[in-house]
Amino acid sequence: MAHAAQQTSSTRASSPTHARSAEADASTPPAVVRGALALWVTAVAAGVFETALAIVKMVSDGSGSAGEIAVGLAIRLPVFTAALLIAVQMHRGRHWARMTLALCLGVAGTASMVAQPIRALAQGHSLGTAFREAGAMDLAFGASRALHVAAVLGAVVLMFLPAANAHFRARRGDLRRR
């Protein structure tokens, strides 16, 4: 009887349907990788919102020409698009995408977002004064920037948690076997 049950389970394990479902389970990203993707999308959305606010401010106060705005968009839009495309590849388990996001956006991108506020603090400006003098547009930009930085840092952390590491190792092995 035990032999019959063992044989039935081994037959089931080797059936094409079971193999497909096991393969789908192995390729399904864990919650931390899905969360990282959601945070990368949030970061890009915040970046788009910040860009829109900056354009509105430049147009309304006359501080930016059409050419300057066009150049800014010509730089930002491809970066936003590339970030989303690379985040999708990360979600699919591509190690190169995880490393690209961590280094380019996690390190360099975060540094570019926090450099100006750090420089202002280093020059003796206070947060209290900045908040008192801030208008609605400044506060919206600051809130979006805080969300943007938090989303990037959160995504980077999630991409390197143990469950994510196991997923990327497994996906690397799957790609080598193909």
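What this report covers is the structure whose coordinates are included nearby.

Criteria and cut-off values
Residues numbered from 1 in each chain as written. Predicted model: local features only at pLDDT ≥ 70, side-chain atom pairs only at ≥ 80, totals over all residues. Heavy atoms only, no water. Helix = DSSP H or I, 4+ residues; strand = E, 2+ residues; numbered from the N terminus. Buried < 20%, exposed > 50% of the residue type's maximum accessible area, 1.4 Å probe, protein only. Contact = heavy atoms within 4.5 Å. Axes fitted to C-alpha atoms, helices over the stretch in contact; angles between N-to-C directions. Parallel < 35°, antiparallel > 145°, perpendicular 65-115°, else oblique. Left-handed = near helix turned anticlockwise from the far one by under 90°. Nonpolar A, V, L, I, M, F, W, Y, C, P; charged D, E, K, R; others polar. Salt bridge = Lys/Arg side-chain N within 4 Å of Asp/Glu carboxyl O.

### Thoughts on the overall build of the protein
Alright, step 1. Within the protein, the secondary structure is distributed over 8 helices and 0 strands.
Alright, step 2. Reading the helices (α) and strands (β) of the protein from amino to carboxyl end gives α-α-α-α-α-α-α-α.
Alright, step 3. Burial status across the protein gives 26% buried among its 178 residues.
Alright, step 4. Put simply, of all contacts in the protein between residues at least 6 apart along the chain, 78% involve residues at least 24 apart.

### Digging into the packing of helix H3 (residues 31-61) against helix H7 (residues 136-159)
Alright, step 1. Close contact between H3 and H7 brings their axes to 8 Å; oriented N to C, the two are set at 155°. When the interaxial angle is binned, H3 and H7 end up roughly antiparallel. As H3 runs across H7, the sense of the crossing is left-handed.
Alright, step 2. When grouped by side-chain class, the residues that make up the contact of H3 with H7 number 19 nonpolar, 6 polar and 4 charged.

### A word on the environment of Leu85
Alright, step 1. Inspection of the secondary structure puts Leu85 in helix H4 (residues 66-91).
Alright, step 2. On a C-alpha basis, the gap between Leu85 and Ala97 in space is 9.2 Å, while along the polypeptide they are 12 residues apart.

### Considering the packing of H3 against H4
Alright, step 1. Interhelical geometry of H3 versus H4 gives an angle of 175° and a closest axis separation of 9 Å. Overall, the two elements H3 and H4 adopt an arrangement that is roughly antiparallel.
Alright, step 2. Along the lines of polarity and charge, the residues of the contact of H3 with H4 split into 18 nonpolar, 3 polar and 3 charged.

### Considerations on the pattern of salt bridges
Alright, step 1. Following the criterion strictly, the structure yields 1 salt bridge and no others.
Alright, step 2. Between Arg145 and Glu50 there is a salt bridge; the shortest N-O distance is 2.9 Å. Separated by 95 residues along the polypeptide, Arg145 in helix H7 and Glu50 in helix H3 bring together distant segments of the chain.
Alright, step 3. Given a relative accessible area of 4%, Glu50 falls into the buried group.

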